[in-house]
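Okay, here's what each chain looks like letter by letter:
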Amino acid sequence: MGLGAIQLLRDRAAELTQDEPVPSPCISVCRMDAETGLCAGCYRTLDEIADWGGMDDDARRALWRLLVQRTGPE
């Protein structure tokens, strides 16, 4: 997974606010890594991608925090 995708994900996560709808972490790099089971662009699993539409904003923010953790140390 590329450093550019990691930085983009971190930058977008840092811009999240409590008073706005939570945007999808998708960056249109939809390729699943066979080893990790994560998307190379957004770091979500297939289940997380499928569940996104039914999540409330609190669950979406929690997933964003998890995605940033998945990118590893800064």
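Preceding this paragraph is the structure being described.
Residues numbered from 1 in each chain as written. Predicted model: local features only at pLDDT ≥ 70, side-chain atom pairs only at ≥ 80, totals over all residues. Heavy atoms only, no water.

(A) Molecular detail of the pattern of salt bridges. Taken as a whole and assessed by the stated rule, the structure comprises two salt bridges. One salt bridge connects R70 with E48, and the closest N-O pair in it is separated by 2.7 Å. Taken together, the residues span a long stretch of sequence, with R70 in helix 3 (residues 57-70) and E48 in helix 2 (residues 46-51) at a distance of 22 residues. A salt bridge links R61 to D58; the nearest nitrogen and oxygen atoms lie 3.7 Å apart. One end of the pair, R61, and the other, D58, are both in helix 3, three residues apart, so they sit about a helical turn from each other. (Salt bridge = Lys/Arg side-chain N within 4 Å of Asp/Glu carboxyl O. Helix = DSSP H or I, 4+ residues; strand = E, 2+ residues; numbered from the N terminus.)

(B) Seen up close, unusual backbone geometry. Backbone geometry places S28, a non-glycine residue, at a positive phi of 60°. Locating S28 in the fold gives a position in the loop between helix 1 (3-14) and helix 2.

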